[in-house]
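Inside the fold
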Number of protein chains: 4
Amino acid sequence: MPQDDRIHPSLAGFPVALTLPVQWGEMDAYGHLNNTVFFRYFESARVEYLARCGFLEAYERDRIGAILHSTTCRFRRALVYPDTVQVATRASSAEEDRFTMEYLLVSLAAGAIAAEGTGIVVAYDYRADRKTALPKDVRRLITELEGW
Amino acid sequence: MPQDDRIHPSLAGFPVALTLPVQWGEMDAYGHLNNTVFFRYFESARVEYLARCGFLEAYERDRIGAILHSTTCRFRRALVYPDTVQVATRASSAEEDRFTMEYLLVSLAAGAIAAEGTGIVVAYDYRADRKTALPKDVRRLITELEGW
Amino acid sequence: MPQDDRIHPSLAGFPVALTLPVQWGEMDAYGHLNNTVFFRYFESARVEYLARCGFLEAYERDRIGAILHSTTCRFRRALVYPDTVQVATRASSAEEDRFTMEYLLVSLAAGAIAAEGTGIVVAYDYRADRKTALPKDVRRLITELEGW
Amino acid sequence: MPQDDRIHPSLAGFPVALTLPVQWGEMDAYGHLNNTVFFRYFESARVEYLARCGFLEAYERDRIGAILHSTTCRFRRALVYPDTVQVATRASSAEEDRFTMEYLLVSLAAGAIAAEGTGIVVAYDYRADRKTALPKDVRRLITELEGW
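Presented here is an overview of the structure given in this document. Note that the structure is a prediction, hence the values are computed from the model and not measured.

1. Some points on the pairing of strand 3 (residues 84-94) of chain A
Residues and elements named next belong to chain A. Note that strand 1 (residues 16-21) and strand 3 share six bridges and pair antiparallel. Looking at the pairing, Leu18 lines up with Val87 of strand 3. In terms of strand pairing, strand 3 meets strand 4 (residues 98-107) through nine bridges, oriented antiparallel. What sits directly across from Gln86, in strand 4, is Val106.

Structure (structure tokens):
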């Protein structure tokens, strides 16, 4: 997914930011975007980040994959169609076998933050069927993306 | 997915029938089940049918898979939460490389048909990357399921 | 949803065309966009069309709403993430109480049509709780949009 | 949604527990239930709880509605089709204008917990357009449901 250069100022400093149009059918019976849609947006940012830090390749090459260990969302503002959102993510910390991501979701219609979230991603060795250390390349690319 | 013995009379004669609870979040901003949800229910019945006629096994064994060529839905009645639906499917005809499925969706709250649909499933040889004939076992099992 | 000026040549002549990024999570266990997602895309185009022809306003003003009577999809090409699609719609005919829409879905990655569909939209008087004639304004705007 | 009497022992003590069949189309390209589906299941339990504690009625009567302030999920086990899950919820604490819910999701195929979650629900006065105290009836019913 190509990144948008015209990102909202709130998202400055996030290495990955996507621009996504809100679809009418993402609203639920309360007339607002359903809570699961926020996690879909976070996921889209996460997948882009995993591509950027080489985690998708690590899976293709060594069957070391990224597993979502846990995730959270703090809803700040109800979203409605029509709108366009920007969702950004960055890694806030890394440990031996995992790293923590932060998500920020902006409504362009409101010009304001709609939600904040987090996710913990764990490295998993699908051949050995157990958790494993973050691949070295992945760790290096995260460090570069984040300027650590 | 286990089949329910207490199926609605409209669904008599269908070899596959599933009972599914409607979830609140499947409603859209009009307060009715979104049209895509009807296709999700049809899909659940189709997958069960593909399991029953050996098509899922054919893919595991020979990489002959079932591809959805086209599908239709005629909406008869708006659905709302809370409700429980029953979705049934049967094959209405088969040709060399495909068969046609009929779907029927019943609202138990209304005791009435909510939608009818169709789907055409085509056999695809994933190794040769082209359409192929229906596997013999699949054809035989469809014939048995349908009492042709 | 703003329309994109750089639409695929296949979509020339369609009064409504949207550009939508494919999201990773729209793929199912076969690694392709799930069939329900095609109907979500069609719906997004339909809602934009209903806005353009005054049907959303008719509901706000007179409780004359647009109901999806039936819909179809012919899948031409499997879609995968990453990709961007364009989905366009036009009215192909209108009757007293309904009109028929055509949908066309293009994969920009493939530069080719991924799916074609249809939908029949019926006018519904929510106060009287029965089908009704298409509102005059709506009929006029459809005629204008389509150049009939 | 009717409650199931044969609930998994892990869910004993939860006043609300639903039994839901996993649908094939809820799996994503990794062949596991997508993370958003866990939040859909939590939502289904939450809506049932809101019905039970009178919050849906409070909205109909006084436009005091329940807003999801934040939610979390800790994924314990990947889920695949076919399976049936049970999702249960209870209130763990209540404050002036909000209460905290706990969710537990069990895979019947595995006979084990698949996920745990939380959600904070805030009372919102839609007429005054601001947060408000939990309606008295709601607070009383929660206290009864939880045996506080």
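2. Overview of the relation of the copies chain B and chain A
Note on the chain copies: they are related by a rotation about an axis and a translation along it. Superposing chain B onto chain A requires a rotation of 180 degrees together with a translation of 0.0 Å along the rotation axis, leaving an RMSD of 0.0 Å. In short, the pair behaves as if placed about a two-fold rotation axis. Of the residues that chain B buries at the interface, 100% are likewise interface residues in chain A, meaning the two copies contact each other through the same surface.

3. A few points about the relation of the copies chain D and chain A
Each copy superposes on the other: chain D lies on chain A with an RMSD of 0.0 Å after a rotation of 180 degrees and an axial shift of 0.0 Å. With an isologous cut-off of 70% or more, the 100% of interface residues of chain D that recur at the interface of chain A puts this contact in the isologous class.

4. So, the interface of chain D and chain A
Interface size is commonly expressed as the accessible area that is lost once the parts come together. Listed as interface residues are 13 residues of chain D and, on the opposing side, 13 residues of chain A. Secondary-structure elements contributing two or more residues to the side of chain D that touches chain A are helix 1 (35-52) and strand 2 (64-75) of chain D. It is strand 2 of chain D that provides the largest number of residues to the side of chain D that touches chain A, a total of eight residues. Residues of the side of chain D that touches chain A, tallied by class, amount to four nonpolar, six polar and three charged. Of the pairings in the sheet, the one linking strand 2 (residues 64-75) of chain A to strand 2 of chain D comprises five bridges and is antiparallel in character. By the bridge assignment for strand 2 of chain D, A:Cys73 is matched with D:Thr71.

5. With respect to helix 1 (residues 35-52) of chain C
Residue and element names in this part refer to chain C. Over its 18 residues, helix 1 runs 27 Å from end to end, which matches the ideal 26 Å to within 8%, given 1.5 Å per residue. In terms of burial, helix 1 is a largely internal element, 16 of the 18 residues being buried. Two residues or fewer after helix 1 comes Gly54, characterised by a positive phi angle close to 85 degrees.

6. Some words on unusual backbone geometry
Of the consecutive residues C:Tyr81 and C:Pro82, the connecting peptide bond is found in the cis state with omega at 0 degrees. The phi torsion at A:Asp129 lies on the positive side, around 60 degrees, for a residue other than glycine. Tracing the backbone through its elements, the reader meets A:Asp129 in the loop between strand 5 (112-125) and strand 6 (130-131). Its 7 C-beta neighbours within 10 Å are what place A:Asp129 among the exposed residues.

How each quantity is defined
- Residues numbered from 1 in each chain as written.
- Chains lettered and ligands numbered in written order.
- Predicted model: local features only at pLDDT ≥ 70, side-chain atom pairs only at ≥ 80, totals over all residues.
- Pairing = 2+ DSSP bridges.
- Helix = DSSP H or I, 4+ residues; strand = E, 2+ residues; numbered from the N terminus.
- Least-squares fit on C-alpha atoms with pLDDT ≥ 70 in both.
- Contact = placed C-beta atoms within 7 Å.
- Nonpolar A, V, L, I, M, F, W, Y, C, P; charged D, E, K, R; others polar.
- Expected span 1.5 Å × (residues − 1).
- Buried ≥ 20, exposed ≤ 12 C-beta atoms within 10 Å, placed from the backbone.

Everything listed here is a matter of coordinates, which is why it stays silent on function.
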